Amino acid sequence: MSEKSFPLGDAKEKETEVGIAHAPVLPSERGTKSDADRLPIALPETEGARSTRTTETPIEGTLKERPPTSRRRIGWGSTSPEFLQLQDDGASVFKPKDNEVDLRDNVRPGTFYKRERAAYLVSKFLGFELVPPTVIREVDGQIGSVQQFVEDAKGPYEIPSGAKLLDRWPEELMRLWLFDLIIWNSDRHDGNLLFKNDRACAIDNGLSFGNDKPRLYSEYPGRALPQGTVNQVREFFSWEHGQRILEDLLCELLPKEEVQAFFSRLEQIKKQLLEVGVIEKVEYS
Amino acid sequence: MHVEIYKLQNDGSQRMIASCRLAGEAAECSGEEPFVTNLMVEGIRAHADGVPLFPAEGRRFLEELKYFFTSGYMNASDVLSDE
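What you are looking at is a predicted structure, and each value in this text was computed from that prediction instead of being measured.

(A) Layout of the state of the cysteines. Residues and elements named next belong to chain B. Under the definition given, this model contains 1 disulfide over all chains. The disulfide bridge from Cys20 ends at Cys29, spanning 2.1 Å between sulfur atoms. The disulfide joining Cys20 to Cys29 has a torsion of about 105° about its S-S bond and is therefore right-handed. You'll find Cys20 and Cys29 in the same group, each marked buried.

(B) Inspection of helix α1 (residues 35-42) of chain B at higher detail. Residues and elements named next belong to chain B. Among the residues of α1, those classed as buried are Phe35, Val36, Asn38 and Leu39. Seen along its axis, α1 keeps its buried residues to an arc of 165°; they face one direction. Where the residues of α1 are buried, they touch β1 (2-8), β2 (14-23), β3 (26-31), β4 (44-45), α2 (59-68) and β6 (74-76).

(C) View of the packing of aromatic side chains. The full count for this structure, using the stated rule, is 15 aromatic pairs over all chains. Centroid distance Phe83 of chain A to Phe149 of chain A: 5.4 Å. Interplanar angle 75°. Geometry classified as edge-to-face. Of this pair, Phe83 of chain A sits in strand β4 (residues 82-86) while Phe149 of chain A sits in the loop between β7 (142-148) and α5 (165-168), and the two are 66 residues apart along the sequence. Looking at Phe149 of chain A, the relative accessible area reads 6%, which means it is buried. Relative to Phe69 of chain B, the ring of Phe35 of chain B lies with its centre 5.8 Å away and its plane at 40°, an arrangement referred to as tilted. Residue Phe35 of chain B is found in helix α1, and its partner Phe69 of chain B is found in the loop between α2 and β6; the two are separated by 34 residues along the sequence.

(D) Geometry of the sheet that holds strand β6 (residues 134-139) of chain A. Residue and element names in this part refer to chain A. Reading across the sheet, the 5 strands line up as β3-β4-β5-β7-β6 and stay open at both edges, with antiparallel pairing between neighbours. Of all the strands in the sheet, the pair left with one neighbour each is β3 (68-73) and β6. For this sheet, the mean angle separating the axes of adjacent strands, direction not counted, is 35°. Here β6 runs beside β7; their pairing, made up of 6 bridges, is antiparallel. Along β7, the bridge assignment pairs Thr134 with Gln147.

(E) Examining the side chain of His2 of chain B more closely. Relative to the helices and strands, His2 of chain B resides in strand β1. In this structure, His2 of chain B is in contact with Ser19, Cys20, Arg21, Asp78, Val79, Leu80, Ser81 and Asp82 of chain B, ignoring residues within four places of it in sequence.

(F) Here's a closer look at the nonpolar core. Counting residues in hydrophobic clusters, the biggest one holds 50 residues, and the most contacted among them are Val122, Phe179, Phe262 and Ile269 of chain A. Excluding residues that lie within four positions of it along the chain, Ile269 of chain A makes contacts with Leu178, Ile182, Val233, Phe237, Ile279 and Val282 of chain A. Counting residues in hydrophobic clusters, the runner-up holds 21 residues, among them Val36, Ala46, Phe68 and Phe69 of chain B.

(G) How the structure looks around the pairing of β3 of chain B. Residues and elements named next belong to chain B. Looking at chain direction, β2 and β3 are connected through 6 bridges and run antiparallel. Bridge pairing links Arg21 to Glu28 in β3. In textbook terms, the turn of a hairpin is the stretch between consecutive antiparallel strands, and for β2 and β3 this stretch comprises 2 residues, one of which, Gly24, has a positive phi near 75°.

What counts, and at which threshold
Residues numbered from 1 in each chain as written. Chains lettered and ligands numbered in written order. Predicted model: local features only at pLDDT ≥ 70, side-chain atom pairs only at ≥ 80, totals over all residues. Heavy atoms only, no water. Disulfide = S-S within 2.5 Å. Buried < 20%, exposed > 50% of the residue type's maximum accessible area, 1.4 Å probe, protein only. Helix = DSSP H or I, 4+ residues; strand = E, 2+ residues; numbered from the N terminus. Arc of directions from axis to C-beta. Contact = heavy atoms within 4.5 Å. Phe/Tyr/Trp six-rings, centres within 6.5 Å; stacked < 30°, edge-to-face > 60°. Pairing = 2+ DSSP bridges. Axes fitted to C-alpha atoms, helices over the stretch in contact; angles between N-to-C directions. Core = buried A, V, L, I, M, F, W, Y, C linked by side-chain atoms within 4.5 Å.

That's the geometry; what it means functionally is another story.
Below is the structure:
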């Protein structure tokens with residue numbers, strides 16, 4: 001696609017939009033860090049910058065509007081996703097609602113495609129940029145999720161085992177852990193995680209938000225999160241307007257009780273980050 | 001019996017990167033590195049309960065591959081006969 005494709009480039013690009021300050025001392029850091037040790041952070045974004053999160057991006061528009069020029073089943077069997085080439089530019093992965101099968105007790109078939117979109121929205125509004133742009137659309141009469149295809153990405157199994165992911169990309173995996181807790185992902189594993197440009201890409205999020213047992217890639221209870229991730233979460237907590245918009249969008253996709261549980265988890269995370277500085281445990285709701 | 005594992009290419013085509021077949025009671029995988037070594041060492045997780053599965057578990061490992069690699073970027077075939 002003509003504009004910069006997912007994942008976005010260096011985080012420093014975002015810092016040019018906002019001011020820079022130094023992080024407040026978290027409770028866990030008191031007595032251990034001086035001003036010189038604390039990382040610079042981005043000040044809360046202006047409403048103008050935040051509005052980019054609430055509006056449809058050009059990539060989303062492309063995914064939603066461009067006619068497909070070819071459609072090719074990717075895997076085996078009738079339930080496989082499809083590679084969708086879009087007119088003029090762009091490739092995507094299409095997951096039709098009709099292909100969804102029974103995989104969990106609480107997340108039922110017929111809803112996965114909405115959850116894919118919901119997960120993308122959460123990633124977008126939090127500023128995590130973990131999920132490739134994802135929309136819902138009809139293709140040849142079939143409704144489903146359409147997600148931007150990430151070119152040249154590698155799954156964990158394609159990465160030399162000597163470079164352990166947990167050591168090589170600890171901040172990315174901690175952010176992924178937090179994200180998967182927030183969306184209550186019941187299906188994160190090596191098969192639905194990609195890396196590109198040292199950034200994690202969280203794909204296959206259709207089994208999220210329901211009250212199934214979470215399956216997380218790695219877990220970091222009690223560990224200090226990367227400052228950038230903490231700032232993003234705190235910034236979202238201070239952005240009431242954005243929270244209301246996200247709530248409305250999620251209510252179009254998920255049952256009300258799941259949306260309530262989602263915000264309850266955010267409150268738990270907020271409380272723990274403010275009081276203790278780390279996240280120890282999060283309950284579904 | 002065997003399972004073929006494919007990687008989705010940028011143009012939408014699929015390239016086979018590994019094949020796992022039953023050798024006695026266990027599965028053996030061959031193909032591109034480091035994918036094969038990682039798969040053999042790390043195993044996969046069963047789709048129903050997340051229980052780790054390794055090639056030593058043979059048939060079950062083969063049967064679960066198609067549920068593990070479902071993202072579209074990596075895809076595993078059904079269990080195929082060796083004919």
